[in-house]
Amino acid sequence: MAGCAPRVALFDEIFATPAPAATAAPVTLSPSNTVAILYTSGTSGEAKGVMLTVANLDHMLSCTTARLDH
């Protein structure tokens, strides 16, 4: 259905049910492994990218979770 907006979901609704049990990763990752690359559009200059490591992501997720739990 073109032109239809996605359904709005609130955090309370999303997190109302327990998350599925985590499964083991298919490979072992160290804290320094790159797991994501974020790019800017470069509208105010040259496009840039940032590599996120396991440690970066673990830190951001724990901070975000702690902030949302308040």
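Small disclaimer: the values here were computed from a predicted structure and weren't measured.

### Topic: the overall build of the protein chain
Argument step 1. Scanning the protein chain from N- to C-terminus turns up 2 helices and 2 strands.
Argument step 2. Taking 2.2 N^0.38 as the reference for a compact globule, 70 residues should give roughly 11 Å; the C-alpha atoms of the protein chain span a radius of gyration of 17 Å, well beyond that estimate.
Argument step 3. If one aligns the C-alpha atoms of the protein chain with their principal axes, the spans along those axes are about 40 × 40 × 30 Å.
Argument step 4. Burial statistics for the protein chain: of 70 residues in total, 4% are counted as buried.
Argument step 5. Considering only contacts within the protein chain whose residues lie at least 6 apart along the sequence, 11% involve residues at least 24 apart.

### Quick notes on the side chain of threonine 53
Argument step 1. Within the secondary structure, threonine 53 is located in strand β2 (residues 49-53).
Argument step 2. Setting aside residues up to four positions removed in sequence, threonine 53 forms contacts with Pro31, Ser32, Asn33, Thr34 and Val35.

### Description of the environment of threonine 53
Argument step 1. Judged by its relative accessible area of 18%, threonine 53 falls in the buried class.
Argument step 2. Engagement of the side chain of threonine 53 in a polar contact is seen with the backbone oxygen of proline 31, the distance being 3.4 Å.

### Points about a nonpolar patch on the surface
Argument step 1. Taken together, Val27, Leu29, Val35, Leu57, Met60 and Leu61 make up a surface patch of nonpolar side chains, about 500 Å² in accessible area.
Argument step 2. Using a relative accessible area of 39% as the deciding quantity, one classes methionine 60 as partly exposed.

### Quick word on the confidence of the model for the protein chain
Argument step 1. Taken over all residues, the pLDDT of the protein chain has a mean of 81, while the share at 70 or more is 90%.
Argument step 2. Of all secondary-structure elements in the protein chain, the lowest mean pLDDT belongs to helix α1 (residues 11-14), at 74, while β2 reaches the highest, 91.

### A few points about the environment of leucine 57
Argument step 1. Positionally, leucine 57 belongs in helix α2 (residues 54-68).
Argument step 2. Separated by 21 residues in sequence, leucine 57 and alanine 36 have C-alpha atoms that sit 8.6 Å apart.

Analysis parameters
- Residues numbered from 1 in each chain as written.
- Predicted model: local features only at pLDDT ≥ 70, side-chain atom pairs only at ≥ 80, totals over all residues.
- Heavy atoms only, no water.
- Helix = DSSP H or I, 4+ residues; strand = E, 2+ residues; numbered from the N terminus.
- Rg over C-alpha atoms; globule rule 2.2 N^0.38 Å.
- Buried < 20%, exposed > 50% of the residue type's maximum accessible area, 1.4 Å probe, protein only.
- Contact = heavy atoms within 4.5 Å.
- Polar contact = N/O pair within 3.5 Å; in protein donor to acceptor, adjacent residues only side chain to side chain.
- Patch = residues over 30% accessible without salt bridge, like charges linked within 9 Å, V, L, I, M, F, W, Y side chains within 5 Å.
- Areas by Shrake-Rupley, 256 points an atom, 1.4 Å probe, with all protein chains shown as cover.
- Salt bridge = Lys/Arg side-chain N within 4 Å of Asp/Glu carboxyl O.
- pLDDT = per-residue confidence, 0-100.

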